[in-house]
Amino acid sequence: MSLQTLMEKLKPEVTAWRRDFHENPELGYDVHRTADIVAAKLREFGADEVVTGIGRTGVVGIIKGKDNSADRVIGLRADMDALPIEEKTNKPYASKIAGKMHACGHDGHTAMLLGAAKHLCMTRKFNGTAVVIFQPAEEGGAGAKAMIEDGLIERFNLQEVYGMHNMPGIPLGHFAMRHGPMMAAADQFEINIEGKGGHAAKPDKCIDTVLVAAQIINMLQSVISRNVDPLHSAVLSITCMSAGDAFNVIPQTAKLIGTVRTLNEAVRSDVEAQMKRVITSTAQAFGATAIFRYSRGYPVTVNHPVQTEFAAAAARAVVGDDKVDLTIDPMMGAEDFAYMLQKCPGSYVFIGNGDTAFCHHPAFDFSDDAIPAGMGFWVKLIEMGMPLI
Ligand code: NI
């Protein structure tokens, strides 16, 4: 029986798991129910070892192939956490928990990797060791980093690691990836401006923080347009501004909050330095002060070339040459799989979710029809990467 047929046969069972996860979303590191189910299923499938509590609630399953003397180890990673969003899909399996929803498809990611683990446990048509990694807290909590700090890479001797995320807008049954930067670094900043408050009718006796904030907003636009190499990419968005609360008072303070997205570390550091210069000197020009706090979030997700070619080859073996695009543009969203790729060669790929609402939207839903291709991709990575001799 072909791998395609086997995956199709497994689809109804995996779809049921996916919908159960969807009905019971959990946030951040608080993914106890999901992690318990994952661990129980891995044991039921006959995984050689199941380790829980890595990175607080992460789960790792070890599946040994026919011959392990080759000492080859490949890791496959899925994320388990949901988002604090009220679901608006009207699906029969919609979230049963108010204010929480699998709006990024991590329910599908977890189910697909579990399905692949079941198949690999049953067939073991590879030499070496497959490590299935289920991480908590991808959505801002850096669960991947927590698992690495708990020894994920060394403890399981990971030599390569792969991640997969669904992507609305890419057709079902298609894969897409690229060499090098795939997802952006996501940083946050906060600017606290202090001037001199007073009567709105006596601006000459005040230092108007509203005017200073407005100038800083304008001046910051020059950082991307005038300081970043036009052949590089960066985004600087100010997403929150606050100052004052009365029509007749010039406020003493003003605050701006925003985000910076970049695709390489040099641009990232440069943007931060240029922002500091612009903010400090603009405030100074008005006699105000500005305290600039820049906090680095997830780093750039950078795909390794050899492993990306290999991931594309595995995807082609599953869905055909014409359904794998190795030339997509990077996205300015961020992904904590970046931390794994900093420590271990590997690649992060997109699997098509078809024409659905975008990730993090209340109407988003993972497409169950993506399941066979997704599971097939995981299985192929292991069988092609560590073939029987
Ligand atoms: Ni996601």
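As a starting point, this report considers the structure included with it. Treat the numbers as computed from the prediction; the structure is a model and nothing was measured. Throughout, residues of each chain are indexed from 1 in the direction in which the sequence is written. Local features are withheld for residues below a pLDDT of 70 in this predicted model, meaning they are given only at 70 or higher, and side-chain atom pairs are given and counted only at 80 or more; totals for whole chains, interfaces and linings count all residues. The side-chain quantities take in all heavy atoms of the structure and omit both hydrogens and water.

With their axes 9 Å apart at the nearest point, helix 6 (residues 209-227) and helix 7 (residues 265-285) run at an angle of 145 degrees to one another. Here helix 6 runs over helix 7; the crossing is right-handed. On the side of helix 6, the interface is formed by V212, Q215, I216, M219, L220, V223 and N227, while helix 7 contributes D270, V271, Q274, M275, R277, V278, I279, T282 and A283. Here the residues of the contact of helix 6 with helix 7 are counted per class, giving ten nonpolar, four polar and two charged. Structural elements are reduced to axes, namely lines fitted to C-alpha atoms, with helices fitted over the stretch in contact, and the angle between N-to-C directions of any two is expressed from 0 to 180 degrees. In DSSP terms, a helix is any run of H or I states spanning at least four residues, a strand is any run of E spanning at least two, and both are numbered starting from the N terminus. Throughout, a crossing is termed right-handed when the near helix is turned clockwise from the far one, and left-handed when it is turned anticlockwise from it by less than a right angle. We call two residues contacting when some pair of their heavy atoms lies within 4.5 Å. For this scheme, ten residues count as nonpolar: Ala, Val, Leu, Ile, Met, Phe, Trp, Tyr, Cys and Pro. Four count as charged, namely Asp, Glu, Lys and Arg, and the remainder, Gly too, count as polar.

Here we take up the environment of A313. Here A313 lies in helix 8 (residues 305-319). The class of A313 is partly exposed, set by a relative accessible area of 27%. Spatially, the C-alpha atoms of A313 and V50 are 29 Å apart, while their sequence positions differ by 263 residues. The rule is simple: take the accessible area with a 1.4 Å probe, protein chains only, and divide by the maximum for that residue type; under 20% is buried, over 50% is exposed, in between is partly exposed.

Right, let's talk about the nonpolar core for a bit. We define the nonpolar core as a collection of buried residues of types Ala, Val, Leu, Ile, Met, Phe, Trp, Tyr and Cys that are connected through side-chain atoms lying within 4.5 Å of one another. Residues L42, F134, F175 and F377 are the most contacted members of the largest nonpolar core, which totals 95 residues. The contacts of F377, once residues within four sequence positions are left out, are M164, F175, A311, A314, A315, V318 and V349. Among the nonpolar cores identified, the runner-up in size contains 24 residues, and I193, I216, V228 and A254 belong to it.

Buriedness for pockets is judged along seven lines, at least five of which must meet protein on both sides within 12 Å for an open set on the 1 Å grid over protein atoms alone, while cavities are sets there where a 1.4 Å probe fits but cannot get out, and lining residues have an atom within 4 Å of a point. Grid points are joined across faces, edges and corners, and a volume is the space filled by probe spheres set on the points. Roughly 560 Å³ of volume is contained in the largest pocket. Around the largest pocket, the lining comprises 24 residues; the ones closest to its centre are E139, R261, G333, A334 and H360. Among the elements of the structure, strand 5 (160-167), strand 8 (185-194) and strand 12 (253-262) are those that each provide at least two residues to the lining of the largest pocket. Broken down by class, the residue content of the lining of the largest pocket amounts to ten nonpolar, eight polar and six charged. Where each domain starts and ends comes from a domain assignment, either automatic or drawn from a database. Residue contributions to the lining of the largest pocket reach at least three from each of two domains, namely domain 1 (3-183 + 300-385) and domain 2 (185-296).

This part takes up helix 3 (residues 106-123). The end-to-end C-alpha distance of helix 3, which contains 18 residues, comes to 26 Å, matching closely the 26 Å that a straight helix rising 1.5 Å per residue would cover. Just beyond helix 3, the residue with positive phi is R124, at close to 50 degrees. The span expected for a helix works out to 1.5 Å for each residue beyond the first.

Paired strands, as defined in this entry, are two strands with at least two bridges between them according to DSSP. Spatially, 10-12-8-13 is the arrangement adopted by the four strands of the open sheet, whose pairing is antiparallel. In this open sheet, the two strands that pair with only one neighbour each are strand 10 (234-243) and strand 13 (289-295). Each strand axis lies, on average, 20 degrees off the axis of its neighbour in the sheet, ignoring direction. Bridge count for strand 8 against strand 13 is seven bridges, and the pairing is antiparallel.

One way to put it is that helix 1 (residues 3-23) packs onto helix 2 (residues 32-45) with a least axis distance of 10 Å and a crossing angle of 160 degrees. Taken together, helix 1 and helix 2 sit at an angle that is classed as roughly antiparallel. Every pair of crossing elements has a handedness; the one defined by helix 1 and helix 2 is right-handed. In contact with W17, D20 and F21 of helix 1, helix 2 contributes R33, T34, I37, V38, K41 and F45. Classifying every residue of the contact of helix 1 with helix 2 by side-chain character gives five nonpolar, one polar and three charged. By definition in this entry, angles of less than 35 degrees are roughly parallel, angles greater than 145 are roughly antiparallel, angles of 65 to 115 are roughly perpendicular, and the rest are oblique.

Looking at the metal site, the nickel ion is ligated by C104 (SG), H106 (NE2) and H165 (NE2), spaced 2.1 to 2.2 Å from it. Overall, the relative accessible area of 7% leaves C104 in the buried class. On the basis of relative accessibility, which here comes to 0%, the residue H106 falls in the buried class. Here a donor is any nitrogen, oxygen or sulfur atom (N, O, S) within 2.8 Å of the metal, with 3.2 Å used for Na, K and Ca; water is not among the atoms considered, so some sites may look incomplete.

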